[in-house]
Amino acid sequence: MEKYETIEIVPENPNSRVFYLYLNRPSVRNALALQWFNEFPKALSFLDQNPDVGVIVLAGYGDHFCAGIDLKSLTSISEQSQSSDRGRSGERLRRQIKFMQDAITAIERCRKPVIAGIHGACIGGGIDIITACDIRVCTKDAFFSVKEVDLGITADLGTLQRLPGIVGYGNAMELALTGRRFSGSDAKELGLVSMVFGSKREMEVGLKTVAEGIAAKSPLAVTGTKAVLVRSRDLNLDQGLDYVATWNSAMLLSEDLTESVAAQLGKRKPVFSKL
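Within an unreviewed UniProt entry, the label attached to the protein reads Delta(3 5)-Delta(2 4)-dienoyl-CoA isomerase mitochondrial, and the organism entered is Tripterygium wilfordii. In the Pathway (unreviewed entry) part of its UniProt record, the protein is described as follows: "Lipid metabolism; fatty acid beta-oxidation." If you open the UniProt record of the protein and go to Sequence similarities (unreviewed entry), you find "Belongs to the enoyl-CoA hydratase/isomerase family."

Listed below in structure tokens is the structure:
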């Protein structure tokens, strides 16, 4: 398994299909260095292609989930993009932004479900990350902020595109324009997270339960459900129905379906092949 400097992959145990992907810069509240944007999609691709992986839990080491993009990285991007030619400066900066966007979108490209476990700070780039995740949970003392407006920039790594679909257009507009800090209970009320736990330890136990439950299901059904839901955001109802019909015409008649029916009739737990 490849070693990384900004993240770490940790299997739950040899018999589990749950793998943990940790943001690993606790001394700077897991702020995102430029290197992270290289390493993160590589790690996700590795987990995606690994047949032993069923579910990925994304969390942060230390006291915080993620404090956003490292300010040193922002300075570096600005310096690298400077040129006497305004057009070339703009093109270079756009290419860098697209590269960073792609690292976040890698979460959606990953076939396996990605569950975010959030504690402490989740600010700026942290919001970009969690809005791309499939399920989000947090601790009651977690706090959130769409902070970019306070840095004099427009959030550009996905928050403004994904957050409205999660919390509603009006709520997303208010959070993005004010940059205000909001709590774990506020996040639950907004629909940004689906569960709030009393402590980090309680969250870890809850995450394990949820992740193991999903990992025990048909991998074809799980990956198909994620793929169809992500794709359907960009489709109208008729297009979405057509897409899932096409998907199931290729995937429905599988050994997973046969095993699921047999297990229910036999009143036992199903056992599925790896994907």
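## Here we look at the sheet that holds strand S8 (residues 182–183)
Taken in spatial order, the 3 strands make up an open sheet running S5-S7-S8, and their pairing is mixed. With one partner strand each, in any of the chains shown, strand S5 (121–123) and S8 form the two edges of the open sheet. Where strand S7 (residues 143–145) lies against S8, 2 bridges are found, and the strand directions are antiparallel. Considered in S8, the bridge of phenylalanine 144 is made with phenylalanine 182. Where helix H4 (residues 125–132) meets the sheet, its contacts fall on S5 and S7, and the angle it forms with S5 comes to roughly 90°.

## Notes on a nonpolar patch on the surface
On the surface, Leu252, Leu253, Leu257, Val261 and Leu265 cluster together to form a nonpolar patch covering roughly 540 Å² of accessible area. Relative to the helices and strands, leucine 257 resides in helix H11 (residues 255–265).

## Some details on the nonpolar core
Of all hydrophobic cores here, the largest spans 50 residues; its most connected members are Leu21, Ile118 and Phe144. Ranked by the residues each element gives to this core, the list is headed by helix H1 (residues 34–49), at 6 residues. Listed in part, the 15 residues of the second largest apolar core include Tyr20, Ile115, Val137 and Ala215.

## A few points about unusual backbone geometry
Of note in the backbone geometry, arginine 29 takes a positive phi value of approximately 55° without being a glycine. Within the secondary structure, arginine 29 sits in the loop between strand S2 (18–23) and H1. Positioned with a positive phi, lysine 267 is a non-glycine residue whose angle comes to about 50°. Mapped onto the secondary structure, lysine 267 falls in the segment after H11. The exposure class assigned to lysine 267 is exposed, which follows from its relative accessible area of 80%.

## Points about the sheet that holds strand S9 (residues 195–197)
Read from one edge of the open sheet, 6 strands run S1-S2-S3-S4-S6-S9, paired in mixed fashion. Two strands lie at the open edges of the sheet, namely strand S1 (7–11) and S9, each paired on one side alone. Strand after strand, the sheet turns through a mean of 20° between neighbouring axes, direction not considered. Bridge count for strand S6 (residues 135–139) against S9 is 3 bridges, and the pairing is parallel.

## Describing the domain arrangement of the protein
What the domain assignment reports for the protein is domain 1 (7–216) and domain 2 (219–266). At the interface, 11 residues of domain 1 touch 6 residues of domain 2. Buried surface at the junction of domain 1 and domain 2, summed over both partners, amounts to about 600 Å²; 55% is from carbon and sulfur atoms. Remark: the boundary between domain 1 and domain 2 carries 2 salt bridges. The shortest N-O distance in the salt bridge between glutamate 108 and arginine 233 comes to 2.9 Å. Counting across the domain 1 and domain 2 interface gives 5 residue pairs in polar contact (both at pLDDT 80 or more). Counted by class, the side of domain 1 that touches domain 2 contains 5 nonpolar, no polar and 6 charged residues.

## With respect to the pairing of S2
The side chains of a regular strand alternate between both faces of the sheet. In terms of burial, S2 is a largely internal element, 6 of the 6 residues being buried. What you see with S2 is no split at all: Val18, Tyr20 and Tyr22 on one side and Phe19, Leu21 and Leu23 on the other are buried throughout. Two strands pair when backbone bridges link them, and S1 and S2 are joined in this way by 5 bridges, in the antiparallel orientation. Bridging from a neighbouring strand, valine 10 pairs with tyrosine 20 of S2. Count of turn residues in the S1/S2 antiparallel hairpin: 6 residues. Two strands pair when backbone bridges link them, and S2 and strand S3 (residues 55–60) are joined in this way by 6 bridges, in the parallel orientation. Counted as the bridge partner of leucine 23 is glycine 60 from S3. In the classification by handedness, the crossover that spans S2, the intervening H1 and the parallel S3 is right-handed.

Analysis parameters
- Residues numbered from 1 in each chain as written.
- Predicted model: local features only at pLDDT ≥ 70, side-chain atom pairs only at ≥ 80, totals over all residues.
- Heavy atoms only, no water.
- UniProt positions renumbered as here; feature names shortened; annotations may be inferred.
- Pairing = 2+ DSSP bridges.
- Helix = DSSP H or I, 4+ residues; strand = E, 2+ residues; numbered from the N terminus.
- Contact = heavy atoms within 4.5 Å.
- Axes fitted to C-alpha atoms, helices over the stretch in contact; angles between N-to-C directions.
- Patch = residues over 30% accessible without salt bridge, like charges linked within 9 Å, V, L, I, M, F, W, Y side chains within 5 Å.
- Areas by Shrake-Rupley, 256 points an atom, 1.4 Å probe, with all protein chains shown as cover.
- Salt bridge = Lys/Arg side-chain N within 4 Å of Asp/Glu carboxyl O.
- Core = buried A, V, L, I, M, F, W, Y, C linked by side-chain atoms within 4.5 Å.
- Buried < 20%, exposed > 50% of the residue type's maximum accessible area, 1.4 Å probe, protein only.
- Domains from an automatic or database assignment.
- Buried area = accessible area lost by both parts, 1.4 Å probe.
- Polar contact = N/O pair within 3.5 Å; in protein donor to acceptor, adjacent residues only side chain to side chain.
- Nonpolar A, V, L, I, M, F, W, Y, C, P; charged D, E, K, R; others polar.
- Right-handed = clockwise from strand over helix to strand, strands pointing away.

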